[in-house]
Amino acid sequence: MTDFGFTNGYIIYNGLDQGEVFSSLLWKIFYDSLFYKIKHCGNLFGYRLNSKFFTKSGKLNSRDGLTSFLAAGAFVDDTIWIENSMTATQNILDITSEFFGINDIFINTDKMVAISINMRVKNLRLFISGAAILIAKRKEPHRYLGIFLSTDGLSIPSFAKTHSDVRFFTNLILKKVISDKQFLYLVSVVLQPIISYRTQFSYVSACVCEKWDGLLRKELKIKTSLPKDFPNKALYHPEMYGLKSFSQLQAENLLASMVGFANSGGCQLDAPAIP
């Protein structure tokens, strides 16, 4: 009911509308049971993460350490399953298929893809709910949320996509009639947040950062009609243009993540505390 009268009627069917306000509650009710089942299968599923630490005396503690099994990740209804063998992966998919059948959940198998990293198994075949899953080709990147994965892992496709974004940005800006202040604004508000998101799980080397910085410096000098031999450090000086280098941006992001992780209590793992 609105100030202008009643709206058209809406028939509620079985399912959940996109953007529904109680979707997070229903997601927790349904999907939590699936993740609980996978997590509490006696550590049969998942990728094992081991970490050892040094004692206060500086010696490596070889007896105790942190061990965790990572088998699943999810954001709303976008899930990712992690395993170290084809057999174990199929076992997880069988449990998932049973879960979807019990709860009458429809999945779009056309959007599913299996990526094998450093795996020597030939003729890899996986199925879910009776449908074959697309197997990623070698070096073919696939997007999951905001990151890119391929058979080479995470860093290589992420760096390639980020470099493509920087090149696209500089080529696009080159054709636009904008001022130096507008250029700096677009870099800080549009490009740098994209790069921060793309590379949040990877470390970008100083060489790669310098390559990306060079593209922006060249573009900025063109927009300001500065000579090519103009000192690069002046572009980064806060009293001049205050351009932020990608190395500085990465350091700030890593420090912010570390502080946030420390204040949040870290991952809730069933593991001994670090002394």
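Residues numbered from 1 in each chain as written. Predicted model: local features only at pLDDT ≥ 70, side-chain atom pairs only at ≥ 80, totals over all residues. Heavy atoms only, no water.

1. What to know about the packing of helix α5 (residues 206-223) against helix α7 (residues 246-263)
The test is simple: As a rule, the C-alpha atoms of each element are fitted with a line to give its axis, helices using only the stretch in contact, and angles between N-to-C directions run from 0 to 180 degrees. For helices the rule is a DSSP run of H or I covering at least 4 residues; for strands it is a run of E covering at least 2, with both sets numbered from the N terminus onward. Each angle receives one of four descriptions, namely roughly parallel if under 35 degrees, roughly antiparallel if over 145, roughly perpendicular if within 65 to 115, and oblique otherwise. Every residue pair with non-hydrogen atoms within 4.5 Å of one another is taken to be in contact. Think of it as three bins: nonpolar holds Ala, Val, Leu, Ile, Met, Phe, Trp, Tyr, Cys and Pro, charged holds Asp, Glu, Lys and Arg, and polar takes everything else, Gly as well.
Look at α5 against α7: their axes get within 8 Å of each other, and the N-to-C directions meet at 125°. Compared by their axis directions, α5 and α7 come out oblique. Seen from α5, the contacting residues are Cys 209, Trp 212, Asp 213 and Leu 216; seen from α7, they are Phe 246, Ser 247 and Gln 250. Its residues assigned to classes, the contact of α5 with α7 comprises four nonpolar, two polar and one charged.

2. Things to note about helix α3 (residues 155-174)
What counts, and what does not: Expected helix span is given by 1.5 Å per residue-to-residue step, counting one fewer step than there are residues. Under the scheme applied here, a residue whose accessible area is under 20% of the maximum for its type counts as buried, over 50% as exposed, and between as partly exposed, the area being computed with a 1.4 Å probe on protein chains only.
Over its 20 residues, α3 runs 28 Å from end to end, which matches the ideal 28 Å to within 8%, given 1.5 Å per residue. Pro 157, Ser 158, Phe 159, Thr 162, Asp 165, Val 166, Phe 169, Thr 170 and Ile 173 are the residues of α3 that are buried. On the buried face of α3, the contacting elements are β10 (147-149), α4 (180-198) and α5.

3. Here we look at the pattern of salt bridges
The criterion, for reference: In what follows, salt bridge is the name for a side-chain nitrogen of Lys or Arg lying within 4 Å of a carboxyl oxygen of Asp or Glu.
According to the stated counting rule, one finds six salt bridges in the structure shown. In this structure, Asp 165 and Arg 198 form a salt bridge, with 3.0 Å as the shortest nitrogen-oxygen distance. One end of the pair, Asp 165, is in helix α3; the other, Arg 198, is in helix α4, with 33 residues separating them in the sequence. For the pair Asp 165 and Arg 198, one class covers both residues: buried. Notably, a salt bridge pairs Glu 252 with Lys 244, separated by 3.0 Å at the nearest N-O pair. On the basis of relative accessibility, which here comes to 28%, the residue Lys 244 falls in the partly exposed class.

4. Details of α4
Counted only if it meets this: A residue's bend is the angle separating two fitted axes: one through the seven residues that end there, the other through the seven that start there.
Helix length check: α4, at 19 residues, gives a terminal C-alpha distance of 26 Å against a target of 27 Å (1.5 Å per residue), a fit within 8%. The axis of α4 is deflected most strongly, by about 35°, at Val 187.

5. Concerning the pairing of strand β4 (residues 78-81)
Strand residues, when the strand is regular, have side chains that alternate between the two faces of the sheet. As a reminder, the rule being used: Pairing between strands requires that DSSP locate at least two bridges from one strand to the other.
For strand β3 (residues 72-75) and β4, the ladder comprises four bridges, and the chain directions are antiparallel. In the strand pairing of β4, Ala 74 is matched with Thr 79. The turn joining β3 and β4, which pair antiparallel and follow one another in sequence, is formed by two residues; a positive phi near 55° is taken by Val 76.

6. Re the side chain of Ser 245
As a reminder of what qualifies: Any N or O atom pair separated by 3.5 Å or less is treated as a polar contact, with the protein-specific requirement of one donor-capable and one acceptor-capable atom, and with residues adjacent in sequence counted only for side-chain atom pairs.
In this structure, Ser 245 sits in the loop between α6 (232-236) and α7. Its relative accessible area of 17% is what places Ser 245 among the buried residues. Separated by 3.2 Å, the side chain of Ser 245 and the backbone nitrogen of Gln 248 make a polar contact. In this structure, Ser 245 is in contact with Asp 213 and Tyr 236, ignoring residues within four places of it in sequence.

7. Some words on the environment of Tyr 197
Along the chain, Tyr 197 falls in helix α4. Under the relative-accessibility criterion, Tyr 197 is labelled partly exposed at 40%.

8. A word on the packing of aromatic side chains
The description of an aromatic ring pair uses the distance of the two centres, along with the angle that the planes make with each other. To be explicit about the condition: Only rings of Phe, Tyr and Trp enter the pairing, Trp through its six-membered ring, and a pair is recorded when the two centres are within 6.5 Å. The plane angle decides the type: under 30 degrees is stacked, over 60 is edge-to-face, the rest tilted.
Applying the stated criterion across every chain yields a total of seven aromatic pairs. Seen in terms of ring centroids, Phe 35 and Trp 81 are 5.8 Å apart; in terms of plane orientation they differ by 50°. Their pairing is tilted. Note that Phe 35 is positioned in helix α1 (residues 23-39) and Trp 81 in strand β4, a separation of 46 residues in sequence. The pair formed by Phe 35 and Trp 81 is uniform in burial state, with each residue classed as buried. One aromatic cluster is present, formed by Tyr 31, Phe 35, Trp 81, Phe 99 and Phe 100 through successive ring pairs.

9. Section: the nonpolar core
Stated precisely, the cut-off is as follows: Definition used in this section: a nonpolar core is a set of buried Ala, Val, Leu, Ile, Met, Phe, Trp, Tyr and Cys residues joined via side-chain atoms within 4.5 Å.
In this structure, Phe 169, Phe 183, Leu 191, Leu 216, Leu 220 and Phe 246 are the most contacted members of the largest nonpolar core, which totals 22 residues. The set of elements that each furnish at least two residues to this core consists of α3, α4, α5, α6 and α7. Apart from residues no more than four positions distant in its own chain, Leu 220 is found in contact with Asp 180, Phe 183, Leu 184, Leu 235, Tyr 241 and Leu 243. By size, the runner-up hydrophobic cluster in this structure holds 19 residues, among which are Tyr 31, Phe 45, Trp 81 and Ala 114.

10. Remarks on a nonpolar patch on the surface
Condition: The patches described consist of residues with a relative accessible area above 30% and no salt bridge, like charges being joined within 9 Å and nonpolar side chains (Val, Leu, Ile, Met, Phe, Trp, Tyr) within 5 Å. Using a 1.4 Å probe, the Shrake-Rupley method yields the accessible areas, and only the shown protein chains count as cover for residues.
A cluster of nonpolar side chains, Phe 22, Leu 25, Ile 29 and Phe 30, forms an exposed patch at the surface whose accessible area comes to about 380 Å². Positionally, Phe 22 belongs in the segment before α1.

11. Things to note about the environment of Val 76
Along the polypeptide, Val 76 turns up in the loop between β3 and β4. Given a relative accessible area of 49%, Val 76 falls into the partly exposed group. Sequence-wise, Val 76 and Tyr 31 are 45 residues apart; in three dimensions their C-alpha atoms are separated by 9.4 Å.

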